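Tertiary structure, described
Letter by letter, the chains look like this.
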Amino acid sequence: MGARSPYRCAVDQLEGRTAVVTGAASGMGRAFARRFATAGMNVVLSDVEEPVLDEAVDEVAAIAADRNAEAMGVITDVADEQAVAELAAQSIDRFGRVNVVCNNAGVAGTGLVDGPGSISTKDWKWVLDVNLWGVIHGHQAFLPHLLDHGDGHIVNTASMAGHFPGHSAYTASKWAVVGISEGLFTQLKTIGSTVGISCLCPGWVNTNIAESARNRPEWAAPDALAEPSAAVEARFAVIRDQLASGRSPDDVADLVHDAVVNDSFWIFTDLSMVANLRPRFDAVLENRNPDWNHNFVDGDD
Ligand SMILES: NC(=O)c1ccc[n+]([C@@H]2O[C@H](COP(=O)([O-])OP(=O)(O)OC[C@H]3O[C@@H](n4cnc5c(N)ncnc54)[C@H](O)[C@@H]3O)[C@@H](O)[C@H]2O)c1
């Protein structure tokens, strides 16, 4: 394996290289694709939503063409191991080598619940399939190739939900992505690999994540669509407002670009949320029960 090559990604060296982005039809993934094309990279955009993916590919191809690069789209359900393996095969076939892999596709599920026990098993499975298994499938499909040439970087999209406690499938998936990303960072350093990895933990970002149900597979359809309670409606409205007033996906794409070229592990988009983690760490270190009255997201007591 060429994992001990002295190569390090550098900003002017992204030009002419290749990035693969999952969940690239919308939101942050689409912004990453634009940003990498602007840096002169070939970009493979993949997503489950076909018409929107086509639009995104046209947009990114136009940016790439100005820089002598290309874009292509591959319909991929990241929950399907074989489909992600096929994505890797098609990307390598077209461009010879993949350098940057953004495991970014994600869904919110029903984080908006009335109380314990109200998340359906189907929802647990769907969200973990996409948000966690999607990342694992990305590692399985691309890591051997990256390790082989040694000139690559993985960006896994987790969330600040991967640091805050929460009894939801979304929280479980994002904690797991944080954990396996940090574990892979250690493994790569331990073997002296030049392959890098970053873990993106966004706060609120203005995307279409609140409309994730548009991609819910048939098998995961709710058995019965109960009218949401007033409390759920109210919480949903707050979340939509927070997303709408969140950071722009293009800002986040700049942070991702910089993390790749600087080989930085953590990518945080909201440092005030990071500061709000301190009470939890203090409680753990002092072996105290969780501070259930603390709102970790907004920092209110
Ligand atoms: N928006 C936020 O505030 C926020 C905060 C933290 C983390 N995130 C994470 O950011 C990532 C990107 O989401 P976004 O906010 O840009 O939302 P988005 O809905 O705008 O984009 C998500 C994309 O993933 C695609 N997708 C869904 N299921 C898929 C599947 N099975 N296979 C392939 N693609 C699939 C969607 O079609 C969509 O294009 C997600 O992992 C999300 O959990 C978002």
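The structure this text deals with has already been given above.
Analysis parameters
What you see as residue numbers is a count from 1 along each chain, following the sequence as written. pLDDT decides what is reported in this predicted model: residues at 70 or higher carry local features, side-chain atom pairs at 80 or more are listed and counted, and totals for whole chains, interfaces and linings draw on all residues regardless. To obtain the side-chain values, all non-hydrogen atoms of the structure were used and water was disregarded. Categorising residues by exposure relies on relative accessible area from a 1.4 Å probe, with only protein chains included: less than 20% of the type maximum marks a residue as buried, more than 50% marks it as exposed, and the intermediate range marks it as partly exposed. A run of DSSP states H or I qualifies as a helix once it reaches four residues; a run of E qualifies as a strand once it reaches two. Both are numbered from the N-terminal end. The pairing criterion is simple: DSSP has to find at least two bridges between the two strands. With the strands pointing away from the viewer, any crossover whose connection runs clockwise from the first strand over the helix to the second is right-handed. Each helix should span, by expectation, one fewer than its residue count multiplied by 1.5 Å.

Right, let's talk about the pairing of strand S1 (residues 18–22) for a bit. When you tally the buried positions in S1, you get five out of five residues, the bulk of the element. Both faces of S1 are covered, namely the face carrying Thr18, Val20 and Thr22 and the face carrying Ala19 and Val21. Pairing of S1 with strand S2 (residues 42–47) involves five bridges; the strand directions are parallel. Within the sheet, the bridge partner assigned to Val21 lies in S2 and is Leu45. You can see the chain leave S1, run along helix H1 (residues 27–38) and come back into S2, and the turn it takes is right-handed. In terms of strand pairing, S1 meets strand S4 (residues 100–103) through three bridges, oriented parallel.

Here helix H7 (residues 249–262) spans 20 Å end to end across 14 residues, near enough to the 20 Å set by a 1.5 Å rise per residue. Burial in H7 covers these residues: Pro249, Val252, Ala253, Val256, His257, Ala259, Val260 and Val261. Once H7 ends, the next one or two residues include Asp263, with phi positive near 55°.

Position of Leu184 relative to the elements: it lies in helix H5 (residues 169–190). For Leu184, a relative accessible area of 8% corresponds to the buried category. When the C-alpha atoms of Leu184 and Gly196 are compared, they prove to be 9.3 Å apart, with 12 residues separating the residues in sequence.

Unlike most non-glycine residues, Asn68 shows phi in positive territory, near 65°. Phi at Asn287 is positive, roughly 55°, even though this residue is not glycine. For Asn287, the position within the fold is in the segment after helix H9 (278–285). For Asn287, a relative accessible area of 72% gives the class exposed.

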